[in-house]
Amino acid sequence: MAVTVKTFASASEAAGALSLDRTARYLGGGTLVMRALNEGDVSISTVVRAQDQALTRIDASGPRITLGAGVTFARVLAERDLAFLHAPARSIGGPAVRNMGTVGGNLFAPNPYGDFTVALLALDATVAVQGGFGSRDIPIEEFLQARERQAGTLVLSVSCTRPASSETFRYRKIARIKPKGGSVITLAAHLPISGGRIAGARIALGSMAPTQIRARAAERALEGRSLDAATIAVAASAATEGTSPSDNALGSAWYRREIVGVHLRRLLSGQD
Amino acid sequence: MSKIPLQFRHNGRDVAIFVDGGTNLLVALRELIGDMTPKFGCGQGGCGTCGVLIDGELHLSCLTLAESVAGRSVETLDGMKQGPNLHPLQRAFADNFAAQCGYCTPGMLMAAKALLDRNPSPSRDEVIEAISGNICRCTGYEPIINAILAAAGGRVSA
Ligand SMILES: Cc1cc2nc3c(=O)[nH]c(=O)nc-3n(C[C@H](O)[C@H](O)[C@H](O)COP(=O)(O)OP(=O)(O)OC[C@H]3O[C@@H](n4cnc5c(N)ncnc54)[C@H](O)[C@@H]3O)c2cc1C
Ligand code: FES
Ligand code: FES
């Protein structure tokens, strides 16, 4: 079935069009939207596009980095200053999907997808959105909790603070097919160190709930401590608290609960 | 619903067509331009046989909104051979038995070309990574990997 495609020069015009039409869907890289259209999803009657340069901008020079919503994973990988995001970007799809899929689209990708967003959640990213009435910044956790209600808002960009070193930010995606495959679970940890102790621990999990979530009990176990074996063991045993994984073709909910602590322990102890 | 005019470069030639809203590039190439080299496997991004190069980058034509290539350059397998001569990659695929049923071959060749255009002497791991979005149900991949390495090594005469 043919749909109406509306292409706008500016992000604000596109945001206006989205806020006025509940059946309109924004087209990022299209890896999920086009798939839905190919499958005959009749809930999409209008597709909105924006050709605004601002949406594909990368600002990676300073301590705080900003990625336009339309930035692809291939572009993240081409940017030397974004080395801390290379592991999550590389873990997505094959090369064609990385050339097409965007950072903005990943925020909306349902399980087993949304791997890049797991990394952004652990980095306490901020999501800049534009609705019918101007733009605002939302903490990513709040954004994800209200994701179902985000229809009609346009994501402009995401920003986060660059981690202090490669040691303080870690990422791990568990997949059955290598080098490509959907996530069984995905984990990211941000462990800023102050005076030899962890201050502001963030552990984010993918495929452990309907959206990406923080493992707060594990974060509490790490807070104010040094990253020794005993602390890691307590954090790993708390990894399932607050999670609600589902069964899918890649793994059962039971399996996900069984392995999340194991992989969190390996991630925290720096094992492969 | 009215048709949308669309112009782009197809294997170095300017083309102009009319598409329905929401048409994907694979349908536009096969049904409106008559280039049957990109194949339809899944329409979901999962198999890679619809792969084409857009401005030199590997994309899945089944997941590309046709309108989005306006003014851009699209390369398909049909543009790979130079006159009567096979491209070195095609020659290497033939010599290394890298095609059995041949259904995955267009996507494999485009993925391989995207790699070699950027990285003329890739490692085996880089070749595996480059075709990781392409499914082959016949060959077991080894002959394909060997063919791409052979083409890169220049061991195959063009
Ligand atoms: C073969 C294949 C393999 C894949 N593998 C992975 C994987 O390993 N890991 C992974 O995380 N994902 C994977 N994906 C899913 C997907 O490609 C990525 O999640 C990608 O980031 C989605 O981005 P997109 O720009 O293509 O989204 P689109 O399809 O353009 O959009 C997806 C959703 O997000 C909305 N949206 C997009 N941009 C915006 C914006 N700026 N503002 C508001 N709404 C927006 C759209 O309206 C739509 O609802 C895979 C997909 C395929 C086809
Ligand atoms: S037909 Fe496009 S990836 Fe399978
Ligand atoms: S040769 Fe048959 S699918 Fe690859």
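Residues numbered from 1 in each chain as written. Chains lettered and ligands numbered in written order. Predicted model: local features only at pLDDT ≥ 70, side-chain atom pairs only at ≥ 80, totals over all residues. Heavy atoms only, no water.

**Q** Which parts of the structure should I look at to understand the domain arrangement of chain A?
**A** One frequently used descriptor of interface size is the decrease in accessible area upon assembly of the parts. Partitioning chain A into structural domains gives domain 1 (4-50), domain 2 (53-161) and domain 3 (170-269). Computed from C-alpha atoms alone, the centre-to-centre distance between domain 1 of chain A and domain 3 of chain A is 34 Å. (Domains from an automatic or database assignment.)

**Q** Is there a simple way to explain the interface of chain B and chain A in this structure?
**A** At the junction of the two partners, chain B supplies 24 residues and chain A supplies 24 residues. Taking both partners together, chain B and chain A bury about 2,000 Å²; carbon and sulfur atoms supply 59% of that area. Our enumeration of links across chain B and chain A arrives at 1 salt bridge. The partner of B:Glu129 in a salt bridge is A:Arg98, with the nearest N and O atoms 2.6 Å apart. Counting across the chain B and chain A interface gives 8 residue pairs in polar contact (both at pLDDT 80 or more). For the side of chain B that touches chain A, the secondary-structure elements that each account for two or more residues are strand 4 (57-60) and helix 4 (124-130) of chain B. When residues in the side of chain B that touches chain A are grouped by element, the largest group, 4 residues, is from strand 4 of chain B. Taken together, the residues of the side of chain B that touches chain A break down into 8 nonpolar, 12 polar and 4 charged. (Contact = heavy atoms within 4.5 Å. Buried area = accessible area lost by both parts, 1.4 Å probe. Salt bridge = Lys/Arg side-chain N within 4 Å of Asp/Glu carboxyl O. Polar contact = N/O pair within 3.5 Å; in protein donor to acceptor, adjacent residues only side chain to side chain. Helix = DSSP H or I, 4+ residues; strand = E, 2+ residues; numbered from the N terminus. Nonpolar A, V, L, I, M, F, W, Y, C, P; charged D, E, K, R; others polar.)

**Q** What is the right way to read the pattern of salt bridges from this model?
**A** Note on pairing: side chains with opposite charge can pair once their charged atoms come close. The full count for this structure, using the stated rule, is 15 salt bridges over all chains. When the shortest N-O distance is used, the salt bridge between A:Arg214 and A:Glu141 registers 3.1 Å. One end of the pair, A:Arg214, is in strand 14 (residues 213-214); the other, A:Glu141, is in helix 8 (residues 140-145), with 73 residues separating them in the sequence. Overall, the relative accessible area of 14% leaves A:Arg214 in the buried class. For the salt bridge of B:Arg124 with B:Glu142, the shortest nitrogen-to-oxygen distance reads 2.6 Å. Of this pair, B:Arg124 sits in helix 4 while B:Glu142 sits in helix 5 (residues 142-153), placing them 18 residues apart in sequence. By relative accessible area, B:Glu142 is classed as partly exposed at 41%. (Buried < 20%, exposed > 50% of the residue type's maximum accessible area, 1.4 Å probe, protein only.)

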